[in-house]
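Structural description and commentary
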Amino acid sequence: MINIAWALGSALLTGILLTVLEMHWAIGLVMGLLVGFVVFFILGRKMQEKLEGIMTNAGKEIQNQKLERAIEVLKSGLIYKNHHIFIEKQLNSQIGMLYYVLKKEEKALEYLSKGFFKAPAAQCMLACIYYKRKDMDNVKKVMEDTVKANAKDSLCYALYAYFLENTKEHEAAIKWVQKGLAKMPNDEKLTTNLILLQNQKKMKMKVYGDVWVQLMLEKPPRIMQEPPKHMRFNKRAMFRG
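Overview of the structure. Each chain carries its own residue numbering, running from 1 in the direction its sequence is written. At least 70 in pLDDT is required for a residue's local features to be given in this predicted model, at least 80 for side-chain atom pairs to be given and counted, and no such filter applies to totals for whole chains, interfaces and linings, which use all residues. In computing side-chain properties, one takes all heavy atoms of the structure into account and sets aside hydrogens as well as water.

1. Looking at the overall build of the protein
Here is the rule: Counting from the N terminus, the helices are DSSP H or I runs at least four residues long and the strands are E runs at least two residues long. Each residue's exposure class comes from its accessible area (1.4 Å probe, protein chains only) as a fraction of the maximum for that residue type: buried when under 20%, exposed when over 50%, partly exposed otherwise. Using a 1.4 Å probe, the Shrake-Rupley method yields the accessible areas, and only the shown protein chains count as cover for residues.
When helices and strands are counted, the protein shows 11 helices and 0 strands. When the helices and strands of the protein are read in sequence order from the N terminus, they spell out α-α-α-α-α-α-α-α-α-α-α. Across the 241 residues that make up the protein, the buried fraction comes to 45%. A total of about 13600 Å² of accessible surface is found on the protein, and carbon and sulfur atoms cover 56% of it.

2. Quick word on the packing of helix α8 (residues 154–165) against helix α10 (residues 188–198)
Operational definition: An axis is simply a line fitted to the C-alpha atoms; with a helix, the fit covers only the stretch in contact. Between two such axes, the angle follows the N-to-C directions and lies from 0 to 180 degrees. Each angle gets one of four labels, with under 35 degrees taken as roughly parallel, over 145 as roughly antiparallel, 65 to 115 as roughly perpendicular, and the rest as oblique. Crossing handedness: left-handed means the near helix sits turned counterclockwise from the far one by under a right angle, and right-handed means the same turn made clockwise. Residue contacts follow a heavy-atom distance rule, with two residues in contact if any of their heavy atoms lie within 4.5 Å. Amino acids are sorted into nonpolar (Ala, Val, Leu, Ile, Met, Phe, Trp, Tyr, Cys and Pro), charged (Asp, Glu, Lys and Arg) and polar (every other residue, Gly among them).
Closest axis-to-axis distance for the α8/α10 pair is 10 Å, and the angle between their directions is 20°. Of the possible angle classes, the one that applies to α8 and α10 is roughly parallel. Crossing geometry of α8 relative to α10 is assigned as left-handed. Only K189, L190 and L197 of α10 make contact with α8, whose side of the interface consists of S154, Y157, A158 and E165. Across the contact of α8 with α10, the residue classes break down as 4 nonpolar, 1 polar and 2 charged.

3. A short note on the environment of W176
Here W176 shows up in helix α9 (residues 170–183). Relative accessible area serves as the criterion here: at 9%, W176 is assigned to the buried category. For the pair W176 and A161, spaced 15 residues apart in sequence, the C-alpha separation works out to 5.9 Å. Excluding residues that lie within four positions of it along the chain, W176 makes contacts with E144, V147, Y157, Y160 and L164.

4. Looking at unusual backbone geometry
We note that Q200 has phi near 60°; this positive angle belongs to a residue other than glycine. Take Q200: it is sitting in the loop between α10 and α11 (210–215). The residue M216 is not glycine, and still its phi comes out positive at about 55°. Note on M216: relative accessible area 16%, which makes it buried.

5. A short note on the packing of helix α5 (residues 105–112) against helix α6 (residues 120–132)
Remark: α5 packs on α6, axes separated minimally by 10 Å, with the N-to-C direction vectors making an angle of 130°. Taken together, the axis directions place α5 and α6 in an arrangement best described as oblique. Taken as a pair, α5 and α6 cross one another with a handedness that is left-handed. Of α6, the residues touching α5 (which contributes E105, A108, L109 and L112) are A122, Q123, M125, L126, I129, Y130 and K132. When the residues that make up the contact of α5 with α6 are grouped by side-chain class, the tally is 8 nonpolar, 1 polar and 2 charged.

This is how it looks when you write it as structure tokens:
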């Protein structure tokens, strides 16, 4: 990553200069690390500002129901993929989500499979594609990785349970809802679905509202004919990790 290289270079140069000035090596090390961190932070802020502009423009296109145009706007941000950590993965997730909403499954898979593990909605869409293809090995891999990375996301546990319940793995489905409740004991959505599963009844995924609708695993209600207002871009999330 270019920004990391600049930061490391600045840290190394600072350390060398202080050593040449006959300062103690420990001082040079500490000051070098400090300078490197400051450089990385400043460059990261500048990159964030650029990407926020891209995300804002993409959001406007979505509001105008121009999803293809929004995808092109997001793709324009890929020129920065080597500048900062996780930029490419974050953009891939956002692009893949839009392709999924457009029902362009192959394109969605292309981008979602290279997406960011800390983007739960995108990862859930990726698992949905594998589920529709009856590829439960990949469903399990994606969902288990997603749950680990997003341990407080209720939908991740419920969706995994939904997949398992619908592929005749009833006990495993109950186990994953219980795992979610162990992390979020007051989650009413998980509690409701645990009771339903324990009573051999169908899960109620509609309690997750627009997020569930967006996954398009059940017959879509009329809301799917409206602009996908629930497609949100978290600008600050571009620099997680």
